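Chain by chain, the residues run as shown.
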Amino acid sequence: MDMYDEESVLCAASAYTKQFYFNPEYERLPEGVKEELQISCVLFTEDVGGTLILRFDEDGTLLFETAADEGDLLYDDIGAGLKISLLRREKEELFESLEIFYKIFYMDETEDI
């Protein structure tokens with residue numbers, strides 16, 4: 001995760017290490033939200049493989065980024081894109097709330113919300 005601003009990464013999961021990372025910077029989020037993120041990310045990587053990183057861009061938009069090790073023949077790039085689209089639809093309210101949270105507490109943008 002060296003290529004990302006540490007503060008902007010919300011969480012990540014890896015099918016390779018079977019680990020989930022939640023950035024302690026966002027510890028004030030409710031436990032239910034953290035658990036939902038963990039379940040969603042881990043299930044995602046179990047389904048399509050690779051790694052999944054959820055991070056905020058400079059505008060406060062939540063980005064979903066996937067990657068796979070070079071020799072990983074089981075990683076499904078097309079399936080990952082489809083799964084992200086499905087996840088965004090199913091958890092739309094959660095992800096919109098996370099973007100609002102980030103904009104208020106980390107970008108100090110309250111006038112547009």
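Residues numbered from 1 in each chain as written. Predicted model: local features only at pLDDT ≥ 70, side-chain atom pairs only at ≥ 80, totals over all residues. Heavy atoms only, no water.

Attention shifts here to the packing of aromatic side chains. Applying the stated criterion across every chain, the model contains nine aromatic pairs. Taking 5.0 Å as the distance between ring centres and 85° as the angle between the ring planes, the aromatic pair formed by phenylalanine 64 and phenylalanine 95 counts as edge-to-face. Taken together, the residues span a long stretch of sequence, with phenylalanine 64 in strand β4 (residues 62-67) and phenylalanine 95 in helix α3 (residues 92-105) at a distance of 31 residues. For the pair shown, phenylalanine 64 and phenylalanine 95 are each scored as buried. Arranged with centres 5.5 Å apart and planes meeting at 15°, the rings of tyrosine 102 and tyrosine 106 form a pair that is stacked. Using a relative accessible area of 7% as the deciding quantity, one classes tyrosine 102 as buried. You can call tyrosine 106 buried: its relative accessible area is 18%. A network of ring pairs unites the aromatic residues Tyr26, Phe56, Phe101, Tyr102, Phe105 and Tyr106 as a single cluster. (Phe/Tyr/Trp six-rings, centres within 6.5 Å; stacked < 30°, edge-to-face > 60°. Helix = DSSP H or I, 4+ residues; strand = E, 2+ residues; numbered from the N terminus. Buried < 20%, exposed > 50% of the residue type's maximum accessible area, 1.4 Å probe, protein only.)

Right, let's get into helix α2 (residues 77-90). Given 3.6 residues per helical turn, the α-helix brings residues three or four places apart onto the same face. Spanning 14 residues, α2 covers 20 Å between terminal C-alpha atoms, matching the ideal 20 Å at 1.5 Å per step. Along α2, the residues that are buried comprise Gly79, Ala80, Ile84 and Leu87. The buried residues of α2 occupy an angular sector of 140° when projected down its axis, which confines them to one face. Residues of α2 that are exposed and angled more than 90 degrees away from the buried face: Ile78, Leu82 and Arg89. Looking at the buried positions of α2, the neighbouring elements they touch are α1 (31-48), β4 and α3. (Expected span 1.5 Å × (residues − 1). Arc of directions from axis to C-beta. Contact = heavy atoms within 4.5 Å.)

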